[in-house]
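Structure at a glance
Here is what each chain is made of, one letter per residue.
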Amino acid sequence: MGTDGNVRVRFAPSPTGALHIGGAHTALFNWLWARHTGGSFILRIEDTDRERSTAEYERTIMDGMRWLGLDWDEGPDKGGNHGPYRQSERMDGYRNASELLIESGRAYRDGEAIIFRVPEGEKILLDDAIYGEINVASEKASMNQDGSIKDIVLIKSDGMPTYNFAVVVDDHFMDITCVIRGEDHIANTPKQILIYRALGWEPPQFAHLPMILGGDKKKLSKRHGATSVFEYNDMGYLPDAVFNFLALLGWTPGGDVEIFDRELAARSFELSKVTKKPAVFDMDKLNYVNQEHLKAMSPEARRNAVEPFWRELGLHPEKHPEKFIEDALTLMGGRGKTTRELAEYSDYFIDFEPVKSRYDASEITPPHREVLRKFFCAIYDRFGDRDWEPARLEEFARDWCEKNNASLKEIAMPMRLALSGRKVSPGVFEMASLMGGEECKIRLSNYQFI
RNA sequence: GGUCCCAUCGUCCAGCGGUCCAGGACACCGCCCUUUCAAGGCGGCGACACGGGUUCGAACCCCGUUGGGACCGCCA
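Residues numbered from 1 in each chain as written. Chains lettered and ligands numbered in written order. Predicted model: local features only at pLDDT ≥ 70, side-chain atom pairs only at ≥ 80, totals over all residues. Heavy atoms only, no water.

Let us now look at the layout of surface pockets. Estimates place the volume of the largest pocket at around 1100 Å³. Lining the largest pocket we find 41 residues, and of these Ser-14, His-20, Gly-23, Asp-184 and His-185 sit closest to its centre. Listed by contribution, the elements that provide at least two residues to the lining of the largest pocket are β1 (8-11), α1 (21-37), α4 (163-173) and β8 (178-182). A per-element tally of the lining of the largest pocket places α1 first, with five residues. The residue inventory of the lining of the largest pocket, partitioned by class, reads 15 nonpolar, 16 polar and ten charged. Built from parts of two domains, the lining of the largest pocket gets at least three residues from each of domain 1 (8-85 + 212-280) and domain 2 (90-209). (1 Å grid on protein atoms, 1.4 Å probe; cavity = no way out; pocket = protein on both sides within 12 Å on 5 of 7 lines; lining within 4 Å. Points joined across faces, edges and corners; volume = space filled by probe spheres on them. Helix = DSSP H or I, 4+ residues; strand = E, 2+ residues; numbered from the N terminus. Nonpolar A, V, L, I, M, F, W, Y, C, P; charged D, E, K, R; others polar. Domains from an automatic or database assignment.)

As structure tokens, this is what we get:
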């Protein structure tokens, strides 16, 4: 496996909701395997549930995959040699296959439905690429709650195929070589193998992925917070970081490497190295991974990622030169785990308004104010509105404090507050330097510090 | 209840019979740096679920127990 160059894997979501974390994780591992082997990654839409499937969700899922950078080689939107790529368009295929089973006596009609007769006494060996060998007796592949054999519905009364049947037919005709899906499907696999056998088809290789759990160790669901990948986008997580984090759930590239890009992941990915244990989705780790990617980004990419969040705050980054914005963000350093936080923490670079609305300098006592006024006058006397170079500003400030019996802290904090409206920020002199003497004068004057 | 799966720090991963009184990362706690907060540096806390085997030797192999999970729809 793996090196024959003909690997064909697929991600087969049903369009009954947005792309959620579990689905994204599955899609991601399929993508990794396809890219690692140089094979094909196929997107198939499983829309046999007429009630719940919508075209809108189909689009949302594709958007989610694109957001994560999971490009597919064949799919409903781009075609391919193994179509159709929507189950609703392969009705004749299911029909024919089910007729074949009726003719061979392996299935029977029940009204409009077609039911597969589950054989007894057959051994089913599932050789999973991740879980290893799993043995199941055929009569246990599909049971009622009381333990009696339950035949498998192939075609529903409405004429649509059931999941277990459609998957087999699709994977067969689409030449899927390896089925990579969530571990919750492991119990379905023996049923599917039975159908492959009855049809005389060769089953693909199977690889089941460990589940992703919430903090309570239960299968991830809406009550664990964000489920759609787009909610992570809205929270300020970078697609590269979500990709990285998801890849880490059940796998590592090895060598203590934890922060990586898609290329490295694809290059070093191995199905055989995937963990069996379900993984807990840990926000703290996601935050960390996101922050690492944020720090590693190019200034331009970072600016592009943060701008939407400033706009959301009613700010207009476009009124500044791009260089200024990029420098401001670079100055922010490791502050902020997400682009949303970064935008919020750095709002004062974009506009003075948010500063005014959150800071009023009321804690500054008259004597303190007098010291500040003297200091700022001195600094403007010395530097004017230009040449605000951080190191020189700081040197001057330290020197002035020493000569005037003041502490650096007692001028730095009010200055920070006047400039940013926050008690937390990058170094004041670097901030002041970037904003420029003129803008600083406006802000300092507003608080009568000068 | 039945079937199947899983089992290393709180969490994510290393480990695939000896080099492990178990390694890295996140989180947490100290210290350093320092005009604030991050970042960064240094250090600390912290796990092989339990019991039997097999073996000269087990976190690694086998069995059992316990714990956890998934599935048991004419949903996918």
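With that settled, the discussion passes to the protein's contact with RNA strand B. Among the 61 residues in the neighbourhood of RNA strand B, the closest are listed as Lys-156, Lys-218, Arg-335, Arg-398 and Ser-425. By atom count, sugar and phosphate contribute 72% of the portion of RNA strand B lying within 4 Å of the protein. Here Glu-46 contributes a side-chain N or O atom positioned 3.2 Å from a sugar or linking oxygen of RNA strand B. Note that a phosphate oxygen of RNA strand B is positioned 2.3 Å from one of the side-chain N or O atoms of Arg-398. Secondary structure elements with two or more residues in the surface near RNA strand B: β11 (279-280), α9 (283-296), α16 (390-403), α17 (408-420) and α18 (428-435). With six residues, the top contributor of residues to the surface near RNA strand B is α9. Of the residues that constitute the surface near RNA strand B, the class distribution is 20 nonpolar, 14 polar and 27 charged. (Near = heavy atom within 4 Å. Polar contact = N/O pair within 3.5 Å; in protein donor to acceptor, adjacent residues only side chain to side chain.)

Within an α-helix, residues lying three or four positions from one another point in the same direction, as the helix has 3.6 residues per turn. Restricting attention to buried positions, one finds in α18 the residues Val-428, Phe-429, Met-431, Ala-432 and Met-435. Buried positions in α18, seen along its axis, are confined to an arc of 160° and lie on one side of it. Where the residues of α18 are buried, they touch α11 (322-332), α13 (347-350), α16, α17 and α19 (437-446). With its phi angle positive at about 95°, Gly-436 sits one or two positions after the end of α18. (Buried < 20%, exposed > 50% of the residue type's maximum accessible area, 1.4 Å probe, protein only. Arc of directions from axis to C-beta. Contact = heavy atoms within 4.5 Å.)

Side chains Arg-8 and Arg-10 of β1 all project onto a buried face; the interleaved residues Val-9 and Phe-11 project onto the opposite face, where all are buried too. Crossover β1 to strand β2 (residues 40-43) through α1 is right-handed. (Right-handed = clockwise from strand over helix to strand, strands pointing away.)

Here the focus is unusual backbone geometry. Residues apart from glycine generally show negative phi values, whereas peptide bonds are mostly found in trans. In this structure, the amide linkage connecting Gly-83 to the following residue, Pro-84, adopts the cis form with an omega of 0°. Examined against the element boundaries, Pro-84 turns out to sit in the loop between α2 (55-68) and α3 (91-103). Positive phi is not limited to glycine here, since Asp-256 has a value of about 65°. With respect to the helices and strands, the residue Asp-256 is situated in the loop between α7 (239-247) and α8 (262-268).

Moving on to the environment of Asp-127. Checked against the element boundaries, Asp-127 lands in strand β5 (residues 123-128). In this structure the C-alpha to C-alpha distance between Asp-127 and Leu-294, which are 167 residues apart in sequence, comes to 41 Å. Setting aside residues no more than four positions away along its own chain, Asp-127 makes contact with Gly-132, Glu-133 and Phe-206.

A few words on the pattern of salt bridges. A side chain with one charge can pair with a side chain of the opposite charge if their charged atoms come near. Overall, the coordinates contain 36 salt bridges when judged by the stated rule. Between Arg-90 and Asp-170 there is a salt bridge, with the nearest N and O atoms lying 2.6 Å from each other. Taken together, the residues Arg-90 in the loop between α2 and α3 and Asp-170 in helix α4 connect sequence positions 80 residues apart. The network of salt bridges with shared partners includes Arg-10, Arg-44, Glu-46, Arg-90, Asp-170 and Asp-171. (Salt bridge = Lys/Arg side-chain N within 4 Å of Asp/Glu carboxyl O.)

By a frequent convention, interface size equals the accessible area lost on bringing the separate parts together. The assigned domain composition of chain A is domain 1 (8-85 + 212-280), domain 2 (90-209), domain 3 (298-349) and domain 4 (356-446). In this structure, domain 1 and domain 2 have C-alpha centres spaced 24 Å apart. The interface is formed by 24 residues belonging to domain 1 together with 25 residues belonging to domain 2. Interface of domain 1 and domain 2: buried area, both sides summed, is about 2100 Å²; carbon and sulfur atoms make up 57% of it. Seen at the junction of domain 1 and domain 2, the total is four salt bridges. One salt bridge in this structure joins Arg-44 and Asp-170, with 3.6 Å as the shortest N-O distance. For the pair domain 1 and domain 2, the number of links is 13 residue pairs in polar contact (both at pLDDT 80 or more). Taken together, the elements giving at least two residues each to the side of domain 1 that touches domain 2 come down to β1 and α1. When residues of the side of domain 1 that touches domain 2 are assigned to their parent elements, the largest contribution, five residues, is made by α1. Of the residues assigned to the side of domain 1 that touches domain 2, the class counts are eight nonpolar, eight polar and eight charged. (Buried area = accessible area lost by both parts, 1.4 Å probe.)

A word on the side chain of Ser-138. By the secondary structure assignment, Ser-138 is in the loop between β6 (132-137) and β7 (152-155). Judged by relative accessible area, Ser-138 falls into the buried class, the value being 0%. Separated by 3.2 Å, the side chains of Ser-138 and Glu-139 make a polar contact. Ignoring sequence-local partners within four residues, the contact set of Ser-138 consists of Val-118, Pro-119, Glu-120, Gly-121, Glu-122, Ile-124 and Leu-194.

As a further point, take empty space enclosed by the protein. The tally for this structure, following the rule as stated, stands at one cavity of 30 Å³ or more. Each pocket or cavity is described by its volume, and for the largest cavity that value is around 50 Å³. As for the largest cavity, its lining consists of Gln-291, Leu-294, Lys-295, Arg-302, Leu-329, Met-332, Gly-333, Gly-334, Arg-335, Gly-336 and Leu-342. Residue assignment for the lining of the largest cavity shows that the elements contributing at least two residues are α9 and α11. When residues of the lining of the largest cavity are assigned to their parent elements, the largest contribution, three residues, is made by α9. By residue class, the composition of the lining of the largest cavity is four nonpolar, four polar and three charged.

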